[in-house]
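Each chain is listed here by its residues.
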Amino acid sequence: PNFVEACMTSNFEDPGVLPLVLDALRYVMDVILDNIEDIDRPVMPEILQQFHRLSGVDQHCNYFYNRYARGHVDSIAEYLEEPQDYLVVHRQYSNLKLLVSMMNYMGRRRGFEIIFNRIGMYNGDGSGAPVCSLTELEYYIRAITYLRVLYAKPFTKKYFRTFHEILLTRLSNVSDDELKAITPGSKDAIETVVSQLEMLLRDVRQDLNAEEIIEKFKMRMAKRLIVCPLLNYRIKGVSHINDVLAIISNYEANKANYMSISRTSLPRPLLSSEWLADFLTSEKVPELVLGDEDAVRAARAPATHVELMKRSTDILFFLAAQGQLSDDLLETLWKAAEEASQERVVFAILVNIMRKLSPEQLDIVDAKLRGMLPDELHDVHVDLIREFTEAALPKIRERNELSFGLDLLWQGLQVSSPFYVSEATADYIIEALCDLITRDPNFTVLSLVSAAALQNLRSGSSVTMSVKALHRIINCLPTSRAATTRGRAAPKSRERVLLEMHNDQKLLQLCIDEFKAFHEGGGDAPARERSAMPKKKSTSKLNVLSPAASEANLLDEVKEAVTTRLNFIAFYVQNCSVELAFAQILHLYNACTLYKIFDDETNYILRWLADVSPHEAVSNTRSNSLVTMSRETLFNVFEQLLCKNDASLRFEILSEDGYKCIERYFKLVNSCLRPSRLTIQTDGRLYVENAELKGFDILWSILLRCESSVVRQQVSEFIILLQLQLSKRLSKRAVWEGFVDRCMRELAAVLDAPADGGKEGSAIHVLKLLRTFLMEIKIPDTEITASTKPSLATIPAQILGPDESILRVIVKSSMKNFLNRECRLVVHGRRTTVGMLRRRIAALMKYPPNQTRILNRRGEYLPVARYDADTLENASLLQYGLVEADLRLDAGADTASYMHPPPAEDPDNDRLRPLYLLANNPEYFSLLFRLLNAAPEVMDETWALMELLPPNESSVAQIRALDGSFMSTDLSGGDASAVPEVLHRLKIATGIVESSFDAFLAADEKAAANAWISAFVKKGGISYLLRLLTSSDVQSMASSSLGKNCLTAVLKLTSLFAQGLDAAAANGKALSGGGGDDANGDGAAGEGDAKADVDMGYAEEVRRVLVQDMDQRDILRLLERLLEVIHYVASTAKERVLTEDEKEALKELKREEQRRRRFETFKSMATNAAGKALERENSFLSGEADSEGGGDGGASGDGASLTTEAIVCKNSIDLFVAVSRYHPRALVPLADAAVLRDAALYGILRNPEKNIRVVVARGVVRICEIGTAANVAARFAKMFCDALPSVPEHGARSREFYLTLCRIVKFPGALANLDVPTLCGHLNDTIMGRGYVERGPDKEDFVLSGTVALLKELLVGARETGMPGVDALRTILGRGGLLQELFERCLFAIPAGAGSGAGS
């Protein structure tokens, strides 16, 4: 082979050598032909390779033929002049002279005849195996096809007359071993030979249809593959037949439009349907695929496979369409279904070919089907029966009875069914019936099934399933509007069928009578039906239900029976022009309420009543008919059934469905009255036209009696909606005053009623309703955040007054927009001035009003002198409903002398009238105080309501007059009834005192406040406050929320006086804003430079009471009482579990706090000449309060964001610090007292509420600051260090403890009572015993970080104070100790020799 390749590819040119090469190549051809002619042995691959080279197929070796055909022809002229009997040289192929010469030589050597004979020759040893292998065949056909354009015509006619037949016959006789040897996935030798033969025939046998010949061969080859033992080739054979059938089917279906369709999208079939059908039947292809025993035995084929059967559908469908699906083949198909593994496949085939069967074959299928159905039906059986029924519809129409599979489907739904049918299969049967009805143009199925269902209704047999089937099959029909064909009504529609049943069969009354009979029988029909039903055959013990499970299943069946019947009746009246009479509804209602079968059946009938109720749009029409019922029926249902709290409908156990039904009928009845009392818009919104709503008392009864919290919430929301959605013709004042009066009368009735256990609950429901209503109409100024952003559209326009509107305010800062916040305010365009708007924005943002400016549309500041007194309407700020405000760094020239403008709110504002009415009506106000002495839950809800109200004018007048009644009540003796009155008075007094702190308060108002303060102090007010604090039972007051609020008020008012005294002593003037809260309770007024010029004539009186008149024992008792308050109140606190919404709100608050800090930092840097930001006080703990919603604003202001317990602790600490500042020596005996230890350690370490831990921690630091002379810090340090061994068990709660202790040890002398070396050794052991690596940002080890920080502070303090024994710490912490451990584990290894030398 190598020599042949060298001869045919060498470019060495020598005319003398060329004849020798040709002789050598011809000799090689002789060798090749001798090998091919020898039938006793296979031809070697090397021989075949040389044959390809010499015949020109190998393009690499064609160089010899191409090169020497053009040059040196003289030296080989004798070769070229030989006769051309087999191949001839055409003009266009003149370069193939040498190749033609070689092939003619081969022809003269009988080469073509030898190849022909070898292809058609078979062994004579009895095996009949072909002599020529597939590999040889591929070589031969490639060479012969390659030379197809060079053959001489005589040779062509003779040689190729039967060549293709011999070749295809050889391929058809391919052996199983040859198929196994073919590599799967690649283009095999058979495909190559066929494609080469197709090219050959196109050129050498143009008289033949080469494509048709090849296609027929492929069909024969497909049959050969089907009988081979290899499954992949068997599937390939069936798939090829299916592909051909698909082309024929597609062409037959679209041949009418064939001329308009491109050939690529619709190929023309090469074989006719007749030939293909004859081939399939004559070759018994479907029998082989289906596994017919005789056909398989005759073809010596293996047994069929389920994958082959799956692919036989197209073949059988084609034969059935051609009318050549024999009964024997159908019998073979049924026989194949006897195998369990093939049953589903056979059924799927039958489903697809059923509609192509002949009428005679359908009779066969009918008999076979009835004989082979199993005891339990499945979806596959239902599919088969459905297709059979559809195919047999003409026969069913002739008989006009349930037959030909339709009876089998119906039997599957009956109690007397011979089959077991699961619930899912039953639904599938009903779906099959619906499918048959939609496919039946004559509606025979509908008529027969409907008649059978009605017969069951009359006989009481299988009613539930019959009603469900009837419901579904009628529902599948089109509506009258949709059931049109070419502008004419279709013969059957949903409405027409129902109306015919109503007129002919009285179906509605029949259903109602059956429903009554069902309940009179106690609902035992499902039990009877279950006993009559065939049972599922199973040998497993797990399928045996326990008695409890069986009873539960039976109850579910009864519920389904009731639901099915009610749903069909609702469907009936909703889709047919038939009205429900009240008598019919009454029968159904009584059956489900008075004779109910199960407890929850009342909810079923109420839900049904809501479903059959008329649509809201129909209620606004003047017609008496409301589609499902008349107006009279609607009123009777509401008045006689839904408005009675009797045995049939008890409001105490009313469910959510029941309430929705009552609410719906309430809306419909009031909208149907003439004139209408309620208008329902198309979008569902309603408007009250008349306050005298029919059935409104029922809503109140449900609210007061219902035990379900969900129902109470829904009825409360609906009652409030009725108060808010008022039409313009109604007076809001009259309606809302009437509603408030109704609430108060209900509360009075509840209080006067005898105690029956539900009295407190009714009062709470009414109080919540009233409070929610007041919150809806009050609409306070609100900041809108990302997590709490309310939609402005949620505020109905009906709530606002005639001149009120919603104003959005975008608040920014002049420092590069560090702030960008949005607020919502309700303003009065003709009364609210620009100055008032500035004050409200400043209060909401907690910023000085003299540094808050309003901008116009051009972004310019509105001049104060010109615009502050103007109303918003005159200032043109309401045109777009949006205003921008700017928070400046400092006050402007025109706002330096700013004072709050006088209030201009309308006291007769309809929106705020209910709040003033509740606060100032003596009857209402006294009733609220009666409620404050009720049960704790009622007391808490009442106080939450009272906090929404403005101050009582009568009480304010009495307190301002300082009559004897103000300070006559105390809390001694544990009298809880005095707490509400004392609390109310203290809140008013606190408001008066706080107003004096406002630096921007008008001079006359400030003078009045200072005058009252002076009179209060001179009349013994301070002594009264101290008496309240020392004489009350702290433990009992700490156990109730109202008592905690009262303690807060006493402590806050007392601490205000004490802090004010301290501020007066410091600057000789007034109480500055930094010492307390401003009028808004946020302390923002103190951020300006203005100070409150207050007459401090009362300061001496305060000093006398707090400093001079109190001896050491009284001071100590007062301080101990404050510590008891902290301890007892903190012990009642519980850890808050935040909801997801609260967590998102806290995240937004934290982000806003960060923006505020950047704002303040920028402000401090701008005002500080050194350019340094001012350090915030107690910043080491402020972040902790922020993270829980109790940020710095809450801890230093009024604590609005803190819990009640945290506020009490904060006020107690404020007063403790204020008193201790004037009596520092009292801290010495108190520092060792158990009450201080309990309050400090419990509040900082053991308390579950983080806000309390932060507040108490700050308080301890403040006490250390004022007790430096008494060295209180040393005592606190000793107390805290003694508790260190138990700290690690508190985990994350220990963070405040460690931070506080780190601050304490920094005070001078704090380490005096500590054994620092021993303590450091203990801390060293704690650190070494804990893991160093944190597992994530949320898994910080607070004990480890706190211990390391404390160790650092102790070492710094010991070094600075020169404490003895510090040198011993070098051994503990140095080389070989903690430092080396930390370095080597966390950083890097300490270099050798690092511990030697100076300064090591």
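This text follows the structure it describes.
This one's a predicted model, so the numbers in the text were calculated from it and none came from an experiment.

Cut-off values and rules
- Residues numbered from 1 in each chain as written.
- Predicted model: local features only at pLDDT ≥ 70, side-chain atom pairs only at ≥ 80, totals over all residues.
- Heavy atoms only, no water.
- Helix = DSSP H or I, 4+ residues; strand = E, 2+ residues; numbered from the N terminus.
- Contact = heavy atoms within 4.5 Å.
- Axes fitted to C-alpha atoms, helices over the stretch in contact; angles between N-to-C directions.
- Parallel < 35°, antiparallel > 145°, perpendicular 65-115°, else oblique.
- Left-handed = near helix turned anticlockwise from the far one by under 90°.
- Nonpolar A, V, L, I, M, F, W, Y, C, P; charged D, E, K, R; others polar.
- Pairing = 2+ DSSP bridges.
- Buried < 20%, exposed > 50% of the residue type's maximum accessible area, 1.4 Å probe, protein only.
- Arc of directions from axis to C-beta.
- Salt bridge = Lys/Arg side-chain N within 4 Å of Asp/Glu carboxyl O.
- Expected span 1.5 Å × (residues − 1).
- Phe/Tyr/Trp six-rings, centres within 6.5 Å; stacked < 30°, edge-to-face > 60°.
- Lys NZ or Arg CZ within 6 Å of the ring centre and 35° of its normal.
- Lys, Arg positive; Asp, Glu negative; His and termini not counted.
- Polar contact = N/O pair within 3.5 Å; in protein donor to acceptor, adjacent residues only side chain to side chain.

A. Layout of the environment of methionine 106. Mapping methionine 106 onto the fold places it in helix α6 (residues 97-108). Placed 52 residues apart in sequence, methionine 106 and leucine 54 show a C-alpha to C-alpha distance of 9.9 Å. Setting aside residues no more than four positions away along its own chain, methionine 106 makes contact with Met29, Leu33, Phe51, Gly111 and Phe112.

B. The arrangement of the packing of helix α7 (residues 111-119) against helix α8 (residues 134-146) in detail. Interaxial distance between α7 and α8 falls to 11 Å at its minimum, and their mutual angle equals 140°. On the basis of the axis angle, α7 is oblique to α8. Both α7 and α8 take part in a crossing whose hand is left-handed. For the pair formed by α7 and α8, the contact residues are Ile115, Arg118 and Ile119 on the first element and Glu136, Leu137, Tyr140 and Ile144 on the second. Residue composition of the contact of α7 with α8, grouped by class: five nonpolar, no polar and two charged.

C. Layout of the sheet that holds strand β8 (residues 852-855). With mixed pairing, five strands are arranged side by side in an open sheet as β5-β7-β6-β9-β8. Of all the strands in the sheet, the pair left with one neighbour each is β5 (782-784) and β8. The mean inter-strand angle of the sheet, taken between neighbouring strand axes irrespective of direction, is 35°. Across nine bridges, the pairing between strand β6 (residues 804-813) and strand β7 (residues 820-828) is antiparallel. Bridging from a neighbouring strand, lysine 812 pairs with asparagine 820 of β7.

D. Inspection of helix α15 (residues 273-282) at higher detail. Where α15 is concerned, the buried positions are Ser273, Leu276, Ala277, Phe279 and Leu280. Viewed end-on, α15 has its buried residues packed into an arc of 160°, placing them on one side of the element. Turned more than 90 degrees off the buried face of α15, the exposed positions are Glu274 and Ser282. Packed against the buried residues of α15 are α13 (210-226), α14 (231-254), α16 (285-290) and α19 (313-321).

E. Here's a closer look at the pattern of salt bridges. For the structure on display, the rule yields 67 salt bridges. Where glutamate 500 meets lysine 492, a salt bridge forms, and the shortest distance between an N and an O atom there is 3.3 Å. Glutamate 500 sits in the partly exposed class, given a relative accessible area of 29%. Notably, a salt bridge pairs arginine 565 with glutamate 514, separated by 2.9 Å at the nearest N-O pair. One end of the pair, arginine 565, is in helix α32 (residues 547-574); the other, glutamate 514, is in helix α30 (residues 507-520), with 51 residues separating them in the sequence.

F. Structural context of helix α61 (residues 1250-1266). For α61, with 17 residues, the first-to-last C-alpha span of 25 Å sits near the 24 Å given by 1.5 Å per residue. Counting buried positions over the 17 residues of α61 gives 14, a clear majority of the element.

G. Examining the packing of aromatic side chains more closely. Enumeration according to the criterion identifies 32 aromatic pairs in this entry. Measuring from ring centre to ring centre gives 5.3 Å for tryptophan 275 and phenylalanine 279, while their planes differ by 5°; the resulting arrangement is stacked. Residue tryptophan 275 and its partner phenylalanine 279 are both found in helix α15; the two are separated by four residues, about one turn of the helix. Of the residues examined, phenylalanine 279 reaches a relative accessible area of 6% and is grouped as buried. Pairwise contacts between aromatic rings join Tyr86, Phe112, Phe116, Tyr151, Phe155, Tyr159, Phe160 and Phe163 into one cluster. Taking NZ or CZ as reference, arginine 565 lies 4.3 Å from the ring centre of phenylalanine 518, over its face. Over the face of the ring belonging to tyrosine 604 we find arginine 607, whose NZ or CZ atom lies 5.2 Å from the ring centre.

H. Here's a closer look at the side chain of arginine 234. Tracing the sequence through the fold places arginine 234 in helix α14. No salt bridge is formed by the buried arginine 234. Its closest oppositely charged neighbour is aspartate 176, at 9.5 Å. Among the polar contacts made by the side chain of arginine 234, one reaches the main-chain carbonyl oxygen of alanine 303 at a distance of 2.9 Å. Ignoring any residue separated from it by four or fewer positions in sequence, one finds arginine 234 in contact with Leu225, Ile226, Cys228, Pro229, Pro302, Ala303, Thr304 and Leu308.

I. Inspection of the pairing of strand β9 (residues 882-887) at higher detail. Where β6 and β9 come together, six bridges link them in parallel fashion. Residue pairing in the sheet places isoleucine 810 in a bridge with glutamate 884 of β9. Sheet analysis places β8 next to β9, joined by four bridges and oriented antiparallel. Paired with leucine 855 across the bridge in β9 is glutamate 884.

J. Representation of the pairing of β7 in the model. In terms of residue burial, β7 counts as a mostly covered element, since eight of its nine residues are buried. The pairing of β5 with β7 spans three bridges and is classified as antiparallel. Along β7, the bridge assignment pairs isoleucine 784 with glutamate 822.

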